[in-house]
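Listed below, chain by chain, are the residues.
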Amino acid sequence: MALLSIENLTVEFNTPFGAVYAIRGIDFTLRKGEILGLVGETGCGKSVTGRSIIGLLDDNARITAGRILFEDVDLLRLSDAAMHEVRGNRIAMIFQDPATALNPLFTIGAQIMDVLRAHRPAKRGDLKTDAMSLFADVGLPDPAQMMHVYPHQLSGGQQQRAMIALSLAAEPDVIIADEPTTALDVTIQAQILDLLRVLQRERSISVILITHDLGIVAETCQQVVVLYAGRVAEKGAVEAIFAAPQHPYTRGLLAALPRPGSRGSDLQVIAGAVPSGLERIAGCAFAPRCEYVMEICRGQQPAFSDIKQAHQSACHLHETFADA
Amino acid sequence: AQDRNIFVYAHPVAFPNLDPSAGNSNENVVMGNVYETLTFYNAPGSAEILSPKLAVSWEASDDSMTWTFNLREGVTFHDGAEFNAAAVKTALDRTIEMGEGSSWIFGMIDSIEVVDDLVVQFNLLYPAPLDLVLSAGYAAWIMSPNAAAQNSAWFNDGNAAGTGPYTIASNEPGQRMILEANPDYWGGWEEGQFDTIVFEISEDSTVLEQMIRSGDADFTYSLPFDNYAPLAQAEGVVVDVTPSFQNLLILLNNVKEPSNDPLVRQALSYAFPYDDVVASLYAGMGTQSRGAIPANMWGHGEDLYQYSQDLDKARELLAEAGYADGGLNVVYTHVASDLDEQQVGELWRASLAEVGVDLEIRGLAWEAQWDLAINDPATAQDAFGFYWWPDYITPNSWLYGMFRSEEEPFFNLGYYANPDFDSLIDEAEVISGTDRAAAEAMFIQAQQMLLDDAAAIFVVDLPDIHVIRADVSGYVNNPAYPHVVFFHDLSR
Amino acid sequence: MKVEVGSTLWFLLRDRAAVISAAFLLAVALAAVFAPLLTPYAAQGMGDPDLGSKFTAPGIKHPFGTDGLGRDQVARLMFGARRSLSMGVLVVVAAMIIGTPLGLIAGYLGGWVDEALMRVTDVFLAFPPLLLAIAIAAALGASYVNAVAAIAVTWWPWYARLARAQTLSVRERAYIEAARGIGVRHRVIMRRHVLPNILTPIVVQGTLDVGTAILVAAGLSFIGLGTQAPYADWGVMISDGRLYFLSGRWWLSTFPGLAIFLTAMAFNFLGDGVRIAADPRLRRVL
Amino acid sequence: MPEPLLRVDDLSMVYQRRAGLLGRRAQQIRALNGVSFSLGAGETLGIVGESGCGKSTLARCILRLLRPSGGRIRFDGDDLLALPDEGMRVMRQRMQMVLQNPFSSLNPRLSGFELVAEPLRTHTAMSRMEMADRVASLLAEVGLGVEFMSRHPHQLSGGQAQRTALARALALNPDFIILDEPTSALDVSVQAQIINLLLGLQRQRGLTYLFITHDLSVVQHISDRIAVMYLGKIVEETSSEAIFANPQHPYTQALLSSTPVPDPAADRQRTILPGAVPSAANPPSGCAFHTRCPQAMDICRAQYPAARFVARSHRVSCHLYDESA
Amino acid sequence: MTALTFLLRRLGLSVFVFIGVLVLTFFVSRVIPGNPAALYAGARPRPEQVAAIKVKLGLDKPLPEQFLVYVRDLLDGDLGESYHSRRSINTDLSIFLPATLELVIAAVIIALILGIPVGVLAGAYPGSVFDYATRLAAVAGVSVPSFWLALIAQFVFFSTLGWLPLGGRVSRDISLFYPIAAQTGFYIIDAAISSNWRAFFDALHHLILPALVLSAYPLGITIRMTQASMLEVLSETYITSARAAGISQRVILFKLALKNAIMPALTVVGLSFAYSITGAFLVETIFSWPGVGKYVTEAVLNVDFPVIIAVTLVVTIVYILVNLFVDLLQALLDPRVRLG
Ligand SMILES: Nc1ncnc2c1ncn2[C@@H]1O[C@H](COP(=O)(O)OP(=O)(O)OP(=O)(O)O)[C@@H](O)[C@H]1O
Ligand SMILES: Nc1ncnc2c1ncn2[C@@H]1O[C@H](COP(=O)(O)OP(=O)(O)OP(=O)(O)O)[C@@H](O)[C@H]1O
Ligand SMILES: [Mg+2]
Ligand SMILES: [Mg+2]
């Protein structure tokens, strides 16, 4: 059942050098209770996608096309007030660096109570109990103590747990987690990812997990969307994609990873660089770097191939295969 | 309480030192109403020069070396102490002993003797007109013996004990002082006299002007000259213009190049725009000086030479002095905050430019200006804007004060040195008590020497300009007591 | 703060207030420089009296009226601009030249050098600035140059502080460590790597400060410690006119006051513009 | 055995951090606590460890950008800590460093030419022409064209910036380069390019690398040997192969199991370590890892385990191996 | 570390600054040309008098010795005597300092009460008409010459509208019939504690215009700093995360963001407060406000250096205290700042 579906979302930014085409029309669907990984290299539009959903794009952004359907309501058409109701309540967000995502001047307790208060007026006593139970849920030690603790007094992992507690406060249906573990150590990362999985399982929350780490996607997600230059290159079930990546970009990415036992050998590289957001792209965005590039790739943007329902790739190669 | 009869004096500066022995500045406006002197200098034009105040009569020995004063009976100080010869001695001895302010005017006093309860005798070191000296607006005040035992700080905290018609009721430093009538004043009280006097202090002449215009104040002075004419048109306001004993000079440096050359000094004098200064800066209210001594003072010479602006003559003189092609630089200093002095310089500069002299105008604090002049004549300014007024009223004040040669000049800041001049004024001073006419002739002759030498530029005899509300009667300006209003004389 | 000159300029040009301000300042500067050509009353601008037209109210002949010596106020303002503007700029430049190296050295070297320099700076900062300026101007004697020196003495500690704060943050940048790793000498690092990277905020601050410096200089002139007669700067003009202000000669103080006000505003708008344009985080304002 | 190129003995470093507003009270941070290793010419040693374990401090101490509080560093026979400042400055020609974030390690005000020429300017008396030639060939060596001479850092992509930084490090023909997380800030595809470049350069020039990272998969790809650090100490050191095949220290094991593997089918039995890395300002007693160690014993709380060889060139500091030693 | 030890340490550090200022002022004031002995002697003294006074005041002694004497008196709490007014400086300051503080505090309160909300809103809606209007107002505030503004204000509110008095602290009627019993020297407070309401409102009435004029600069600065740091704070991730959590704009602006944004504004206002104490003198002169600024300016122009030094020291102490207060406030607001 599609909880959230993005249709042809297109986002531009005004800058002194012209429009930055951050997202060039993407489609994907998040189902209830699943973790969807949004992967791609720097600048490919992961965060912009996340912020579009929750309606917190920078002031110079323009959504030029597309719909974001949440339970069949187009979030892009909601009034400010209505969108305000959605935020936190239905869709929540976690950020990359917990150290900067928590207000340094308020205790963790105060911050979570602000969120609770924003969503249902209640007596202070209730709020406090609720806050403490949330802290317990995310595995913070000594919840009562947490009420009086400031963010800087916590370790990075604890900060991220607090941030997750904050996002859970209003019992949202969807959590968008924008690189929630990039700032953390691997051992701590493992803890946080574990926590996300537990929450997803126990509360059947849907999660959009933004990351650039294919390993994390492989270990955590059910679905994956691979972005390249503001477009979806490939999407589908995690097992399917990792087992048999279809898009040359996805293949390149996987191949570029150093693996145990490959010591000293040259890694496979994807030649060239990601196109600038300032460029308009006529054909396939990956064409200039693609080893299988064909004539058609430069002129025409590939549509999704219907490899299987659960696995789609936007590449002419497959069309050729399909035609052939 | 609102039925009090209040007189408001909008005053341009705070009162620096309320100690009657030491203060010799603007606080005289308070002193003159709280304390009294033995004798009183009458406003010019009166039949007598002096009239009795705390002394009812006095006489000098023939050699003017011993003076005996008979004191007024039945006078008490504000603090209840009795006024008598002992009090006079205590008060004046205190002043002389402290040696501050204008106390030097008593330099001739050798000793003061209490002859009788109400008779006091002064023994002098050299002959002098002591009756005049004791009428001075500074240092000659008689305070109660109890007060005399106090130090300056006591007075400056707002305490006072004199014999005058008013007492200090409250003092808000820098802002306001309130005087109240002394009901036991020996001069008595009549209907319509003021029982409360308020000094409103504001350094800002704009404020003073607004106060007098709106009727918020009854009296003020020190407005810009240009503002009096429009003010005189205002309803309920009288602008009272009378000659003062104050004049403005420009002392020229008599020892330093180039102004050590009398020709140059004369040229500078001829280049000065007297008419413009008098007519424009002083709005026609002053008069061009004729010699050093102002017109309302004996010793003034109506026939003395008066420089007038003559640029050709100035050029000739400069050429004669060797400055035919100009190239002369002259530094003129003035008190930085004094716009009149500054503009005198600006006008003079424009004229000097025409005869090839470059005038540099420098505004300084008075202390700095004085310091510059006194340290070393060789580095001193060439021209020094300078106001003079007498401490007690004698023509010699100008001549001795500014032009008599001194070992270490103090106010002879043009370093004028002329032995003939010195001996002339010294002799005149000695005979002034006995032969006024001869002395006057000698003072006039001495001034002619100054003019011949162009020792200074005698710019303007300044007027006293006071603005007073029209409904106040009894006001007469007395330049001997600058800006002092004797409130006891007034009524509404 | 990484500055891209191109985009900074682009943003600056989009800031209408900054552009108008720059144009205004340029006009004032040109009027000051070419004053003798622009006014028929050049001599009056430099102090010559014309008693015949004393206290003329604004009119065709004298758009801003004349003063107590009959001098055309437009000419006075133009010549006064030379002093007022240059005083503001010189104060800031002098303060920068003194303060920046001290702050840089203190911040870069740290330790007791820092400690000593900063304590001295503290003393100067704790000193009431206007009072210090007045005292110094009084000590040196009233004049244009001395007023500049006096104000600069009170001003440099701000730049020392700013330069030090900036240096402290730049010092932590990896490229400083990288340069040290290469073996570059401290002197060279300070000059080549630190200085250029701390300069932007200092220059921005300088632009903002010129307006304030003009105000302070006007304050000194107002009490007679600045420009000396017969010349005038705007502060002197306000001061000279003040006595007549409420008695009907309103034009004397009003116009020089406006001149200072507008000029200081223009410097502030320009400085703000540069600050915003040079700092990507603040660009949202535009 | 020949003298290794770099030999670090019992190196320790204590930062005195001034605490509080007045900074009167010093806080001691033991960033390095008795680190020893040696590195032969042409070899690559990888250092892995979590944030704050002292990796960068180690790098700075070796280059003497910091003065260690104890221990010895010998480089090609010279005692670096005994060199006078000027001698060390000259010595830096032979040892260079490339830092994590290419953008912040390049002065934004300088052009590519100025950046790469800076070491030449500092240590040689080359003319500008000579420098231009040299810079061009260096840029070519790292795969950049001459047009990059005039580019400023903000005009570069991450990979290009890191290449520029490499060219700069190579300018003086050093023997030894410390690479402090040179690829952490880069995308996978770019990371691969840089790793290939590093490998290529090493082959051509016979460079010796000290490669610092927190990413096990990267470090094993490039290193001959790997040292795992935890809180200022090397807890395990062995060959790149052995670390995956046969990790001995519980921390190494946990690290391995926490590292995500890009293979959903991989067999996953994670050891998730509880708690956070303790602060270096206030390290636990005994073995610093005991607070998180799944196999902690009483002795671990009391005593730091000495390093032992569990196999040839496989060094571990853990009480678990006390008997076996 | 307790607040008390923090305070003590800070004060200890301040002593150095204080001594520096003392030394600097002492020597700077002595190089101002002029003759203090002559000043002491009065308007037109005789040379003998001046010489005697020089000895009496110890001005004939070498500078270091004069300095030691001064410090000794200072340690006794005696700031000396004004050469010009011959009053005890302690007494003078007890009158003039509260007058100035009353004015400056009023100005700062106006600036904060008005400036902070305006700055917050301007920072929250960049590019709006309100933002532009606010920027204009803020820049105008910091650019207007206070002495000129004072003249214009008098012209408008006194001469033209007649709403407010021209100057002074209280009306004559109050001095005559409802005198304020001086306790703190703050007329408003003194009048209030003695329930002298007529005097209270009169003092307030006199305070409005000079306080408004004086508040122009701190108001401009407050708006500007608040606006700028709001802008910065609002782009922080924690604000985005608060928005994402659905917290209302009002709470975000006036609670979450403001607490982060307010410190820079308070810091500069604190500084401008300390500086206004002497900087206010032009305004004080124009409004005939008997304050410290006017007092010390006169002292400088008269070379009355006991006053110059005393006022400098007092202002330095105020500066140090205000800084200390701002630091404490920061420590109070920001848990990351430890009072160590
Ligand atoms: N406010 C903005 N103004 C201009 N361009 C923007 C803005 N925000 C994002 N962009 C551009 O949009 C593109 C997508 O950015 P986005 O932040 O979504 O990337 P990302 O995939 O999250 O990258 P990363 O992995 O670095 O977080 C980038 O090219 C970026 O430069
Ligand atoms: N200049 C310094 N002053 C005080 N403490 C420092 C300083 N630099 C580093 N530290 C501390 O020393 C310890 C080791 O720091 P170091 O930078 O060497 O760690 P690292 O392993 O490089 O970490 P990362 O992976 O985050 O780069 C940390 O606890 C750190 O907080
Ligand atoms: Mg992102
Ligand atoms: Mg590091």
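Within each chain, residues carry numbers counting from 1 in the order of the written sequence. Both sets of labels track the order of writing: A upward for chains, 1 upward for ligands. Where totals are concerned, whole chains, interfaces and linings use all residues; where local detail is concerned, this predicted model gives features only for residues with pLDDT of at least 70, and gives and counts side-chain atom pairs only at 80 or more. Here the side-chain values reflect all heavy atoms present in the structure, with hydrogen atoms and water set aside.

Draft legend 1. Spotlight on unusual backbone geometry. A cis amide bond, omega -10°, links B:Glu257 with the succeeding residue B:Pro258. A positive phi angle, near 65°, is found at B:His483, a position not held by glycine. One can find B:His483 in the segment after strand 17 (456–469). For the exposure calls, accessible area comes from a 1.4 Å probe over protein chains only, and a residue counts as buried if that area is under 20% of its type's maximum, exposed if over 50%, partly exposed in between. Using a relative accessible area of 18% as the deciding quantity, one classes B:His483 as buried. The phi dihedral of C:Phe55 falls on the positive side, at around 50°, and the residue is not glycine. With respect to the helices, strands and loops of the structure, C:Phe55 is situated in the loop between helix 4 (42–45) and helix 5 (73–109). Numbered from the N terminus, helices here are DSSP runs of H or I no shorter than four residues, and strands are runs of E no shorter than two.

Draft legend 2. The nonpolar core, seen in detail. Counting 534 residues, the largest nonpolar core has B:Leu38, B:Phe122, B:Trp348 and B:Phe403 as its most contacted members. It is helix 12 (residues 249–279) of chain E that contributes the most residues to this core, 16 residues altogether. Those residues in contact with B:Phe403 that lie beyond four places of it in its chain are B:Leu249, B:Leu251, B:Ala292, B:Trp398, B:Asn412, B:Tyr416, B:Phe421, B:Asp422, B:Leu450, B:Ala455, B:Ala456 and B:Phe458. Only buried residues count toward a nonpolar core, which is a set of Ala, Val, Leu, Ile, Met, Phe, Trp, Tyr and Cys residues joined through side-chain atoms within 4.5 Å. With 38 residues, the next largest nonpolar core counts D:Leu45, D:Leu58, D:Ala59 and D:Met91 among its residues. In what follows, a contact means two residues having at least one pair of non-hydrogen atoms within 4.5 Å.

Draft legend 3. Up close: the side chain of E:Lys294. Looking at where E:Lys294 falls in the secondary structure, it is placed in helix 14 (residues 292–302). The contact partners of E:Lys294, leaving out residues within four places of it in the chain, are B:Gly174, B:Glu203, E:Phe281, E:Glu284, E:Thr285, E:Ser288 and E:Trp289.

Draft legend 4. Layout of the site of ligand 1. Residue and element names in this part refer to chain A. Near ligand 1 there are 15 residues, and of these Gly43, Lys46, Ser47, Val48 and Asp58 occur at the shortest range. One of the backbone nitrogen or oxygen atoms of glycine 43 is found 2.8 Å away from an oxygen atom of ligand 1. Here a polar contact is taken to be a pair of N or O atoms separated by no more than 3.5 Å, where protein atoms must pair a possible hydrogen donor with a possible acceptor and residues adjacent in sequence count only if both atoms sit in side chains. At a separation of 2.7 Å, a nitrogen atom of ligand 1 approaches a polar side-chain atom of aspartate 58. Here the Shrake-Rupley method, with its probe set to 1.4 Å, supplies the accessible areas, and only the displayed protein chains count as covering residues. Considered on its own, ligand 1 offers 630 Å² of accessible surface; in the complex 70% of this is hidden by protein. Among the elements that line the shell around ligand 1, the one with the most residues is helix 1 (residues 46–54), at three residues. When at least one non-hydrogen atom of a residue lies within 4 Å of a molecule or strand, that residue is treated as near it.

Draft legend 5. Here's a closer look at the interface of chain B and chain C. With 23 residues of chain B at the interface, the matching set in chain C holds 24 residues. Both sides of the chain B and chain C interface together cover about 2,000 Å² of buried area, and 50% of this is carbon and sulfur. Think of a salt bridge as a Lys or Arg side-chain nitrogen and an Asp or Glu carboxyl oxygen that are within 4 Å of each other. The tally of links from chain B across to chain C stands at four salt bridges. Put simply, C:Lys54 and B:Asp226 hold a salt bridge, and the shortest N to O gap is 2.9 Å. Applying the counting criterion to the chain B and chain C interface returns ten residue pairs in polar contact (both at pLDDT 80 or more). Breaking the side of chain B that touches chain C down by element, the ones donating at least two residues are helix 6 (205–214), helix 7 (225–233), helix 9 (274–281), helix 11 (339–354) and strand 15 (357–364) of chain B. Accessible surface is computed with a 1.4 Å probe, and the buried area is the amount of it that two parts give up when combined, taken over both parts together.

Draft legend 6. Main features of the pairing of strand 7 (residues 176–180) of chain D. All names here are of chain D. In terms of burial, strand 7 is largely enclosed, as five of its five residues are buried. Burial along strand 7 is two-sided: the residues Phe176, Ile178 and Asp180 and Ile177 and Leu179 are all buried. By this definition, two strands are paired if DSSP reports at least two bridges between them. Relative to strand 8 (residues 208–213), strand 7 runs parallel, the two sharing five bridges. The residue bridging leucine 179 from the neighbouring strand is phenylalanine 211, located in strand 8.

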